[in-house]
Amino acid sequence: QSQDCSGGITICDDSTFGGNADSYGDVQELTYQNNDCLSVENQSQWFFFSPTTPGTIEFTIDPSNGIDYDFAIWGPYDYLTCPPTEDPLRCTYSALYEPTGLVIGAGDSSEPPSGDAWVEAITVSNDDIDKMYVMLIDNWTADNTAYNFTWNLTGVILNCSIQLPV
């Protein structure tokens, strides 16, 4: 079940996808060791991705009716452990009820409720090729509203044949 890290979904191409979780799953996996700007999971989904080329990762999470979605990304990892055991690489807990995501020029890697809902894009270096990332998307509003997730990958190709040890 994608609502727990151990049942996360592998994303292996830049197709737009939709999502909606109805709970935090069987286990509340955010703790003081790994939550950074997030506090707890509300209605959450876990995902994995692995770039095979260097470049820039940007994306938009766009709720279908303007509610509050938040996210965190951990990595890059040689080997994956679920749930992650340290603070995320990127995290936003913005209280704005509008789209959120990664964008070049955001200037921050993590933000509190007063943030603008956008954090800095991820630059994938040659050293990060074939490493794994973990992403949590969370509906803070917890109202079962769906979202659309749209990638903006520059130079990055995602790996469709990764084996995720969990």
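An account of the accompanying structure is given in this report. Everything numeric in this text was worked out from a predicted model, so none of it was measured. (Residues numbered from 1 in each chain as written. Predicted model: local features only at pLDDT ≥ 70, side-chain atom pairs only at ≥ 80, totals over all residues. Heavy atoms only, no water.)

This next bit is on the overall build of the protein chain. The number of helices and strands found in the protein chain is 0 helices and 12 strands. Order of helices (α) and strands (β) in the protein chain, N terminus to C terminus: β-β-β-β-β-β-β-β-β-β-β-β. A compact globule built from 166 residues would reach a C-alpha radius of gyration of about 15 Å, and the protein chain, at 14 Å, matches this within 12%. If you line up the protein chain on its principal axes, its C-alpha atoms span 40 × 35 × 30 Å. Across the 166 residues of the protein chain, 48% fall into the buried class. Put simply, the protein chain shows about 7,200 Å² of open surface, and 48% of that area lies on carbon and sulfur atoms. (Helix = DSSP H or I, 4+ residues; strand = E, 2+ residues; numbered from the N terminus. Rg over C-alpha atoms; globule rule 2.2 N^0.38 Å. Buried < 20%, exposed > 50% of the residue type's maximum accessible area, 1.4 Å probe, protein only. Areas by Shrake-Rupley, 256 points an atom, 1.4 Å probe, with all protein chains shown as cover.)

Strands sit in the order E1-E3-E11-E5-E6-E8 across an open sheet of 6 strands; the sheet is mixed. The sheet is open, and its two edges are formed by strand E1 (9-10) and strand E8 (110-111), each paired on a single side. Of the pairings in the sheet, the one linking strand E3 (residues 43-49) to strand E11 (residues 132-139) comprises 7 bridges and is antiparallel in character. From the neighbouring strand, Phe48 faces E11, where its bridge partner is Val134. (Pairing = 2+ DSSP bridges.)

Looking now at the packing of aromatic side chains. Aromatic ring pairs are defined here through the distance separating the ring centres and the angle between the ring planes. Within this structure, the stated rule accounts for 10 aromatic pairs. Ring centres of Phe59 and Phe71 lie 5.1 Å apart, and the angle between their planes is 65°; on these two criteria the pair is classed as edge-to-face. Here Phe71 lies in strand E5 (residues 69-77) and Phe59 lies in strand E4 (residues 55-63), a separation of 12 residues in the sequence. Here Phe59 and Trp151 contribute two aromatic rings whose centre-to-centre distance is 6.0 Å and whose plane-to-plane angle is 85°, an arrangement assigned as edge-to-face. Residue Phe59 is found in strand E4, and its partner Trp151 is found in strand E12 (residues 147-154); the two are separated by 92 residues along the sequence. Like Phe59, the residue Trp151 is buried in the burial classification. Through pairs of rings, three or more aromatic residues link up here, namely Phe17, Phe47, Phe49, Phe59, Phe71, Tyr133, Phe149 and Trp151. (Phe/Tyr/Trp six-rings, centres within 6.5 Å; stacked < 30°, edge-to-face > 60°.)

Turning to the side chain of Asn35, a few remarks are in order. Turning to its location among the elements, Asn35 is positioned in the loop between strand E2 (17-19) and E3. Given the relative accessible area of 14%, Asn35 is considered buried. Beyond its immediate sequence surroundings of up to four residues, Asn35 is in contact with Leu30, Asp87, Pro88 and Cys91. (Contact = heavy atoms within 4.5 Å.)

Considering all chains together, one arrives at 3 disulfides under this definition. What pairs with Cys12 in a disulfide is Cys160, and their sulfur atoms sit 2.5 Å apart. With the S-S dihedral at roughly 85°, the linkage between Cys12 and Cys160 falls on the right-handed side. A residue pair is termed long-range when its members are at least 10 positions apart, and Cys12 in the loop between E1 and E2 and Cys160 in the segment after E12 qualify at 148 residues. Take Cys12: its relative accessible area is 24%, and that puts it in the partly exposed class. On the accessibility criterion, Cys160 (53% relative accessible area) is exposed. The connectivity of the disulfides in the protein chain is 1-4, 2-6, 3-5, where the numbers refer to bonded cysteines in sequence order. (Disulfide = S-S within 2.5 Å.)

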